[in-house]
Amino acid sequence: MASDSLWDVVIVGGGPAGLTAALVLGRARRKVALIDEGQPRNQVAKQSHGFLSRDGMTQSAFYKVNHTQLEAYKNVSCIRSHVDHVQRDQYIFVTLTRSNEKIRSRKIIFASGLKDQLPPIPGLQEAYGKSIFPCPYCDGWELQEKPLAIFANGKHMYGYIQQIYQWSKDLIVFTNGPTCMTDIEWAALEKRRIKVIEKPIKQLRIKNGGELASVIVEGDQSVPRTAGFIQDTGAIQACLLPTQLGVHLNEKGCYETNRHGQTTCKGLYIIGDAQAYFSGLLGAAADGYEAGVQINRELVLEEWDRCSN
Ligand SMILES: Cc1cc2nc3c(=O)[nH]c(=O)nc-3n(C[C@H](O)[C@H](O)[C@H](O)COP(=O)(O)OP(=O)(O)OC[C@H]3O[C@@H](n4cnc5c(N)ncnc54)[C@H](O)[C@@H]3O)c2cc1C
């Protein structure tokens, strides 16, 4: 790759947000470099759900079909690497990869996602994405009417329990320490026979490489459960490079952008989970579409003005 050529757009991250932006910009005849190290947030899960036409697809099939379709656009280059450094040089972004590519571009999109940093409960990592999930809209259908554990605490816990009750009525909540709810909330859970266990969790007993069997709490009490949901997965940014270019994180740890993904750093866009916390595959793809159209509009206007000078 010639380091002196100027690309229209570099995209950091090739999950659904980055791939969709690449497709839209590719079809707009833009020269695009998509750099991805291939660690999407849902890589621990076997299948993806809720993306019409892709429902129930395995991760590998999902990415294979996306890359096959992008290959038709020779103006889009997909590079498997890690972006180590990005700097702004006047109005040009200079991107350096771990595999020594140096790419100069007019615009840059970070579609770099979040990574989950689960609480250190033995067994949790093994079950995450196999029988314990963060989102009932993604995986609730498969767990319906099962005896479920809910791992949650804090001010949004009650709302999370209410949501999951739609998929199963057999719920036990593990707060892993003291919790605080109103008397009305406690009474509402009791009425629905939803037990809350505040004792510290010692470990999860897992069978068959990821299936939850029981939750062991302090005092060696074993509570049988076959699957579950976890509310707080400790998600953090997978890539902090935008902060070096002056983009701020909000109180949830997501990048601040406008609704097209535009940031305060002109020409730098952030889309998908990195700015929305949990956009889901389709939401992230929609962000990619929106930002792709917006960036192409900007490029068109810049070229139009230059031509009339
Ligand atoms: C267990 C689990 C199951 C899920 N199941 C579903 C589901 O069934 N349906 C659904 O709609 N949603 C699901 N989600 C949510 C979904 O995974 C995310 O909302 C979605 O992946 C966000 O897309 P994204 O493109 O923003 O980021 P990601 O898909 O996370 O992609 C970001 C990409 O950027 C790359 N990257 C980051 N930094 C760099 C760097 N410096 N250089 C190069 N590359 C970089 C990463 O390696 C990654 O490939 C699930 C999430 C989890 C955790």
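One numbering rule holds for all chains: residues counted from 1, following each sequence as written. Under the rules for a predicted model, residues below a pLDDT of 70 receive no local features and side-chain atom pairs below 80 are neither given nor counted, while totals for whole chains, interfaces and linings still include all residues. As a convention, hydrogens and water are excluded, and side-chain values are obtained from all of the structure's heavy atoms.

### Focus on the overall build of the protein chain
Basically, it comes down to this: Per the convention used, a helix needs a DSSP run of H or I reaching at least four residues, while a strand needs a run of E reaching at least two, with both numbered from the N terminus. Partly exposed describes any residue whose relative accessible area lies between the buried limit of under 20% and the exposed limit of over 50%, with all areas from a 1.4 Å probe on protein chains only and scaled to the type maximum. By definition, residues are in contact when any of their heavy atoms lie within 4.5 Å. What sets the accessible areas is the Shrake-Rupley method with a 1.4 Å probe; for residues, cover comes only from the shown protein chains.
Helices and strands together make up the secondary structure of the protein chain, namely 9 helices and 19 strands. Its C-alpha atoms give the protein chain principal-axis dimensions of roughly 75 × 35 × 30 Å. Expressed as a percentage of its 309 residues, the buried residues of the protein chain come to 48%. Within the protein chain, residue pairs in contact and separated by at least 24 positions form 56% of the contacts whose partners lie at least 6 positions apart. When the accessible surface of the protein chain is summed, it comes to about 16000 Å², and 51% of that surface belongs to carbon and sulfur atoms.

### Quick word on unusual backbone geometry
For Asn100, which is not a glycine, the phi torsion comes out positive at approximately 70°. Mapped onto the secondary structure, Asn100 falls in the loop between β7 (92–97) and β8 (102–110). You can call Asn100 exposed: its relative accessible area is 71%. Look at Glu145: it is not a glycine, yet its phi comes out positive at around 65°.

### Quick notes on the pattern of salt bridges
Rules: Just to be clear on terms, a salt bridge is a Lys or Arg side-chain nitrogen sitting within 4 Å of an Asp or Glu carboxyl oxygen.
One pass over the full model with this rule turns up 14 salt bridges. In this structure, Arg106 engages Asp8 in a salt bridge whose closest nitrogen and oxygen atoms are separated by 3.2 Å. Residue Arg106 is located in strand β8, and its partner Asp8 is located in strand β1 (residues 6–12); the two are separated by 98 residues in the primary sequence. For Arg106, a relative accessible area of 13% puts it in the buried group. One salt bridge connects Arg225 with Asp170, and the closest N-O pair in it is separated by 3.1 Å. Separated by 55 residues along the polypeptide, Arg225 in the loop between β16 (221–224) and β17 (227–230) and Asp170 in the loop between α5 (157–164) and β12 (171–174) bring together distant segments of the chain.

### Regarding the sheet that holds strand β14 (residues 201–207)
Strand pairing in a sheet takes place through backbone hydrogen bonds and is either antiparallel or parallel in direction. The line we're drawing: Note on pairing: DSSP must find at least two bridges between two strands before they are called paired. The angle between two axes is taken between their N-to-C directions and runs from 0 to 180 degrees, where each axis is a line fitted to C-alpha atoms and a helix contributes only its stretch in contact.
Taken together, 3 strands build an open sheet; the order of strands is β14-β15-β16 and the sheet is antiparallel. Taken across any chain shown, the strands that pair with only one partner, and hence form the sheet edges, are β14 and β16. Direction aside, neighbouring strands of the sheet carry axes that sit 25° apart on average. Two strands pair when backbone bridges link them, and strand β15 (residues 211–217) and β16 are joined in this way by 4 bridges, in the antiparallel orientation. Bridge assignment links Ser214 to a residue of β16, and that residue is Pro224.

### So, the site of the ligand
We apply this condition: The rule for a residue being near a molecule or strand is that one of its heavy atoms must lie within 4 Å of it. Whenever a nitrogen or oxygen atom comes within 3.5 Å of another N or O atom, the pair is scored as a polar contact, on the condition that within protein one atom can donate a hydrogen and the other can accept it, and that pairs from neighbouring residues in sequence are kept only if both atoms are in side chains. Gly is put with the polar residues, along with every residue not named as nonpolar or charged; the nonpolar set is Ala, Val, Leu, Ile, Met, Phe, Trp, Tyr, Cys and Pro, and the charged set is Asp, Glu, Lys and Arg.
Near the ligand lie 38 residues; those nearest to it are Asp36, Gln39, His49, Val83 and Leu281. Pro16 has a polar backbone atom sitting 3.3 Å from an oxygen atom of the ligand. Within the backbone of Arg41, a nitrogen or oxygen atom sits 2.9 Å from an oxygen atom of the ligand. For the ligand, whose unbound accessible area comes to 1000 Å², protein coverage reaches 98%. Of all the elements in the fold, those that place two or more residues in the shell around the ligand are α1 (16–27), β2 (32–36), α4 (136–139) and α9 (280–308). When grouped by side-chain class, the residues that make up the shell around the ligand number 17 nonpolar, 15 polar and 6 charged.

### What about the UniProt feature "domain: FAD/NAD(P)-binding" (unreviewed entry) in the protein chain?
What counts is decided by this rule: UniProt positions are given in the numbering used here, feature names are shortened, and annotations may be inferred rather than shown by experiment.
Under the feature "domain: FAD/NAD(P)-binding" (unreviewed entry), the UniProt entry names residues 8–275. Within the segment residues 8–275, helix and strand shares are 21% and 31% respectively, and the terminal C-alpha atoms sit 22 Å apart.

### Brief notes about the sheet that holds strand β13 (residues 195–197)
Taking strand neighbours across the sheet as the criterion, the 5 strands line up as β10-β17-β11-β12-β13 in an open arrangement whose pairing is parallel. With one partner strand each, in any of the chains shown, β10 (132–133) and β13 form the two edges of the open sheet. One ladder, built from 4 bridges, connects strand β11 (residues 148–151) with β12; its direction is parallel. Its bridge partner being in β12, Ile150 is matched across the sheet by Val173.

### Let's talk about the pairing of β12
This is how the line gets drawn: Look down the strands so they point away from you; if the path from the first strand over the helix to the second goes clockwise, the crossover is right-handed.
What you see with β12 is no split at all: Leu171 and Val173 on one side and Ile172 and Phe174 on the other are buried throughout. Once you follow β11 into α5 and on to β12, the crossover reads as right-handed. Here β12 runs beside β13; their pairing, made up of 3 bridges, is parallel. Along β13, the bridge assignment pairs Ile172 with Lys195. Crossover handedness for the path β12 to helix α6 (residues 183–191) to β13: right-handed.

### A word on the environment of Lys191
Within the secondary structure layout, Lys191 lies in helix α6. Once the C-alpha coordinates of Lys191 and Gly246 are considered, the two residues, 55 residues apart in sequence, prove to be 50 Å apart.

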